[in-house]
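Summary of the model geometry
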Amino acid sequence: MDVHEYQAKELLSGFGVAVPKGAVAFSPDQAVYAATELGGSYWAVKAQIHAGARGKAGGIKLCRTYNEVRDAAKTMLGKKLVTKQTGPEGKPVQRVYVEVADPFERELYLGYVLDRKAERVRVIASQEGGMEIEEIADKNPEALIQVVVEPAVGLQQFEAREIAFKLGLNIKQVSAAVKTIMNAYRAFRDTDCQMLEINPLVVTKDDRVLALDAKMSFDDNALFRRHNVADMHDPSQSDPREAQAAEHALNYIGLEGEIGCIVNGAGLAMATMDMIKHAGGSPANFLDVGGGASPERVATAFNLVLSDQNVKAILVNIFAGINRCDWVAQGVVQAAKEVDMKVPLIVRLAGTNVEAGQKILKESGLDLITADTLSEAARKAVEACQGAKRNAA
């Protein structure tokens, strides 16, 4: 789960990380009021979306007057901001963050990530702040400072000091940076964070070290014990289909293909998408209906898949262990009768009660395409998709 910049800064501030003064606003008038309350004479108005590269897309504006603050908020709120990280569909801007724009002398990079290969937390820093970490790694990899944290003892003060000195800071700045590095690590660890990025981490003229921007991503499986983080979820930033799927305990990720997939099990779902690609097609989604695929859940899955206008065919691939093929078949029949099925439907069942499931499908009177193997199902799905496209043309 991702959070907005102002929410990440709220969390970091609670762990002692210094951040500029700021306030969130949901209207242009609120933005002006926030600027007056914050004081100062120079403000940054930032669109709040779950994506980076906002500045290059016009999502961050520096303002010197209250009228400029109002105009900046007005141009952002209620619009969709398209950055290279959002894709062409963009993300809706429903709130802005008004922040005091203190002058600074240097921009640094500081990040924490859960390194799954090393099974450790990896701290990454660089003197080249304000740039994307991928760009730094590609153009100047020697600029990256990395520390792998030993989980038994956590990040140590001497490791934080080593990072600070390698960032080229003076003695006074090192003291502030060590505090920031240690406190940010505590925030990462104690909130079940998977990724924390402070970019840029800035050094001011009076030797303060501030988190000028912040991104945090959290482990969904740990949210049950992090209610303060779970309450920060903004459903407007997610694909509405994914939000609907989550309500029914379905794992759904929308893609850009034309063959909808309804599968049980994450591994089988990925194998199904691979086979579709191997057969020359493109999957429209990842959808795992899970181990308890009741007729109601299967019907919900159909509605989710059919809500994608790009879908030209649907492939149902069920290998029943905990599941039962007759349950799934009932769900397929129920869904096909409830919704207006205008695309070919390919069904492959295997495992528990497969004969009963196949009988239900056969006696349903529906125009179904059945298959015995995954490769056969993928091939038939691609052929049906191509046929549907020809007929539409």
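All chains use their own residue numbering, which begins from 1 and follows the written sequence. Reporting of local features is limited, given that this is a predicted model, to residues whose pLDDT is at least 70; pairs of side-chain atoms are given and counted only at 80 or more, and all residues count toward the totals for whole chains, interfaces and linings. Only hydrogens and water are set aside; all other atoms, that is, all heavy atoms of the structure, feed into the side-chain values.

Note the following rule: UniProt positions are given in the numbering used here, feature names are shortened, and annotations may be inferred rather than shown by experiment.
Under the annotation held in an unreviewed UniProt entry, the protein carries the name Succinate--CoA ligase [ADP-forming] subunit beta and is attributed to Hansschlegelia zhihuaiae. According to the UniProt record, the Subunit (unreviewed entry) comment for the protein reads "Heterotetramer of two alpha and two beta subunits." Per UniProt, the protein carries the Sequence similarities (unreviewed entry) text "Belongs to the succinate/malate CoA ligase beta subunit family."

With respect to the pattern of salt bridges
Put simply, the test is: Throughout this description, the term salt bridge denotes a Lys or Arg side-chain nitrogen within 4 Å of a carboxyl oxygen of Asp or Glu. Counting from the N terminus, the helices are the DSSP runs of H or I reaching at least four residues and the strands are the DSSP runs of E reaching at least two. Under the scheme applied here, a residue whose accessible area is under 20% of the maximum for its type counts as buried, over 50% as exposed, and between as partly exposed, the area being computed with a 1.4 Å probe on protein chains only.
Counted according to the given criterion, the structure contains 20 salt bridges. Taking the shortest distance from any N to any O, the salt bridge between Asp213 and Arg54 comes out at 3.3 Å. Taken as a pair, Asp213 in the loop between strand 11 (209-211) and strand 12 (215-218) and Arg54 in the loop between strand 2 (43-47) and strand 3 (60-63) lie far apart in primary sequence, 159 residues in all. Residue Arg54 is classed as buried on the basis of its relative accessible area of 6%. Note that Asp190 and Arg189 form a salt bridge whose closest N and O atoms lie 2.7 Å from each other. Each of Glu5, Lys9, Lys46, Arg54, Glu99, Glu197, Asp213 and Lys215 takes part in one network of salt bridges that share partners.

Regarding the state of the cysteines
Condition: By convention in this document, the label disulfide applies to cysteine sulfur atom pairs within 2.5 Å.
Summed over the entire model, instances satisfying the criterion amount to 0 disulfides. This cysteine, Cys261, is not joined by any disulfide, and Cys385 carries the nearest cysteine sulfur, 11 Å off.

Some thoughts on the UniProt feature "binding site: ATP" (unreviewed entry) in the protein
Here the UniProt feature "binding site: ATP" (unreviewed entry) sits at Lys46, Glu99, Asp102 and Glu107. Tracing the backbone through its elements, the reader meets Asp102 in the loop between strand 6 (96-100) and strand 7 (104-115). Looking at Asp102, the relative accessible area reads 29%, which means it is partly exposed. Along the chain, Glu107 falls in strand 7.

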